[in-house]
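Coordinates in review
Each chain, letter by letter, is given below.
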Amino acid sequence: MQKKINFIDLGKHPITNNFLNFSNPKNEFFYNLKLIFNSETKLVSLAKFVSPKKMFNEKYAHRASASKTMQVAYTKLAKLIKKEYKPESILEIGSNDGVFIKHFKGINNLGVEPCKNLALITKKMGIKTYDDFWTYKLSKKIIKKHKRFDVIYSANTISHIHNLDETFRAINNSLNDNGVFILEDPSLFEVIKNTSYDQFYDEHAYVFSITALKNITEKLGLKIFKIEQLETHGGSNRVYFKKLHNNKIKISNIVSRQLKNEEKLGINDLKIYKKFAKNIRKSKKNLIKIFKQIKKNNELIIGYGATYKSSTVLNYCKLTSKYIDYFLDTTPTKVGKFTPGTHIPILKYNGIPDNVNFAFLGAWNFKSEIFKKEKKFIKRGGKFITHVPYPKLI
Ligand code: TYD
């Protein structure tokens, strides 16, 4: 019997994308962030979803091309896909600002992006883009006009869509018989191992394990045949699917290996989620301790990268402007605003000022890129504060 078990309550949280114009906003929206484990499908999700229209609209701030690491990763992937699958048509679900799909000019390339401000960017690049949510109805409309696709790619998007059955059915229906669907999303295995609980926020309705993906998609006619483990977004899986009844599928050994690894970690069992919850509570306690200790000496603490992820940490640990003086960020749409829920000012990144000795790594997933950039800060004794894999100074 399907049983959804609540394993942690992370308290009240705002819309992570709702960067504020004022430090004292009126009527800010909050929801209760609780996590649940489905004992049948093994899927881990938010207990209650936030309305997509509240999150994905014309004010959406995230730009996939804002990070050099991601630009390089998408360029490399586009090359690999062209070499391996030689697609004549490609569809991207969640095409953001075109950082990936722009590499496929000259073939039937199509984007789907519900945030109108982002869809406009790819439209201006000359890429046909549907500024709508991915649904079965939309997939039918697209097939009618553009036929089925050799490759469908979706990074950091499927985990945002609430109705997974409809999503995967629509994908299956939009693939050519020998087509490949490639999904990329944060890995639950890595999240549990690193206590990176900040992968859970309003937009991330799910954090997938391979086990749960297999359980859900096979019923809907898709078969996993390859997995790549990526460092992006703090540890992601790139999962390759073909149609279940495609008799040309060769399944890589890595699929069964990863399923075994997940089983060993206990991903099928409620016990691991209780342990995860315990680790999250411990992480909160120890992170607050670090902030309090530094503040005792009246030191400035800044935030480095006002990520969506950091919103979960700040709101769960109640790290307001009492602890973090300001954030630095390179994204123009975030600069000059305040962090949702915790109301910390976000300033334009122009290097770390000399009077700052401590910086909380909001963008911990770009640690190597940041450490390379901040050699001067590190050399003069500056310390980064992180909560992954456990709270510490680096
Ligand atoms: P992102 O990785 O997309 O995380 P999330 O999905 O949790 O928001 O966000 C990275 C943010 O960090 C983005 O706002 C840009 C910022 N950033 C910097 O300000 N400087 C940097 O050197 C890097 C790598 C990122």
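Reading the values: rules and limits
- Residues numbered from 1 in each chain as written.
- Predicted model: local features only at pLDDT ≥ 70, side-chain atom pairs only at ≥ 80, totals over all residues.
- Heavy atoms only, no water.
- Helix = DSSP H or I, 4+ residues; strand = E, 2+ residues; numbered from the N terminus.
- Rg over C-alpha atoms; globule rule 2.2 N^0.38 Å.
- Contact = heavy atoms within 4.5 Å.
- Areas by Shrake-Rupley, 256 points an atom, 1.4 Å probe, with all protein chains shown as cover.
- Lys, Arg positive; Asp, Glu negative; His and termini not counted.
- Charge placed at Lys NZ, Arg CZ, Asp CG, Glu CD.
- Buried < 20%, exposed > 50% of the residue type's maximum accessible area, 1.4 Å probe, protein only.
- Salt bridge = Lys/Arg side-chain N within 4 Å of Asp/Glu carboxyl O.
- Axes fitted to C-alpha atoms, helices over the stretch in contact; angles between N-to-C directions.
- Nonpolar A, V, L, I, M, F, W, Y, C, P; charged D, E, K, R; others polar.
- Domains from an automatic or database assignment.
- Buried area = accessible area lost by both parts, 1.4 Å probe.
- Polar contact = N/O pair within 3.5 Å; in protein donor to acceptor, adjacent residues only side chain to side chain.
- Near = heavy atom within 4 Å.

Right, let's talk about the overall build of the protein chain for a bit. Of regular secondary structure, the protein chain possesses twelve helices and 17 strands. Taking 394 residues into account, the globule formula puts the C-alpha radius of gyration at 21 Å, and the protein chain, at 21 Å, falls close to it. Overall, the C-alpha framework of the protein chain stretches about 65 × 50 × 45 Å when taken along its three principal axes. Here the contacts in the protein chain between residues at least 6 apart in sequence split such that 68% fall between residues at least 24 apart. Counting every atom, the protein chain has about 18200 Å² of accessible surface; 51% of that belongs to carbon and sulfur. In the protein chain, the 71 positive side-chain charges and the 33 negative ones have mean positions that sit 2 Å from each other.

Before going further, it helps to examine the side chain of Glu-262. Tracing the sequence through the fold places Glu-262 in helix α8 (residues 253-265). No salt bridge is formed by the buried Glu-262. Its closest oppositely charged neighbour is Lys-214, at 10 Å. The residues contacting Glu-262, other than those within four sequence positions of it, are Phe-189, Ser-209, Ile-210, Thr-211 and Ile-267.

Look at helix α7 (residues 210-218) against α8: their axes get within 9 Å of each other, and the N-to-C directions meet at 115°. Counted together, Ile-210, Thr-211 and Lys-214 of α7 and Gln-258, Leu-259 and Glu-262 of α8 form the full contact between these two elements. Grouping the amino acids of the contact of α7 with α8 by side-chain chemistry returns two nonpolar, two polar and two charged.

In this section: the domain arrangement of the protein chain. Many structure descriptions define interface size as the accessible area lost when the parts assemble. Domain assignment breaks the protein chain into domain 1 (4-38 + 271-393) and domain 2 (44-267). Centre-to-centre, using C-alpha coordinates, domain 1 lies 27 Å away from domain 2. Counting residues at the interface gives 35 residues for domain 1, matched by 35 residues for domain 2. For the pair domain 1 and domain 2, the summed buried surface comes to about 3300 Å²; carbon and sulfur atoms form 63% of the total. Counting across the domain 1 and domain 2 interface gives zero salt bridges. The tally of links between domain 1 and domain 2 comes to eleven residue pairs in polar contact (both at pLDDT 80 or more). Breaking the side of domain 1 that touches domain 2 down by element, the ones donating at least two residues are β1 (4-14), β2 (30-38), α9 (270-296) and α10 (308-317). Residues belonging to the side of domain 1 that touches domain 2 are distributed by class as follows: 22 nonpolar, nine polar and four charged.

Residues in contact with the ligand amount to 18 residues; listed here are only the nearest, His-62, Tyr-308, Lys-334, Phe-366 and Lys-373. Within the side chain of His-62, one N or O atom sits 3.2 Å away from an oxygen atom of the ligand. In this structure, an oxygen atom belonging to the ligand sits 2.9 Å away from a main-chain N or O atom of Lys-309. Taking 560 Å² as the accessible area of the ligand by itself, protein coverage stands at 95%. Looking at the shell around the ligand, the elements that each hand over two or more residues are α10 and α11 (367-373). Sort the elements by how many residues they give to the shell around the ligand and α11 lands first, with three residues. Of the residues in the shell around the ligand, the class split is six nonpolar, seven polar and five charged. Taken together, domain 1 (4-38 + 271-393) and domain 2 (44-267) each give at least three residues to the shell around the ligand, which thus spans both.

With that settled, consider the environment of Phe-100. Within the secondary structure, Phe-100 sits in the loop between β4 (89-93) and β5 (108-112). Given a relative accessible area of 0%, Phe-100 falls into the buried group. With 55 residues separating them in the primary sequence, Phe-100 and Ala-155 have C-alpha atoms 9.5 Å apart. The residues contacting Phe-100, other than those within four sequence positions of it, are Tyr-74, Leu-77, Ala-78, Ile-81, Ile-90, Glu-92 and Tyr-153.

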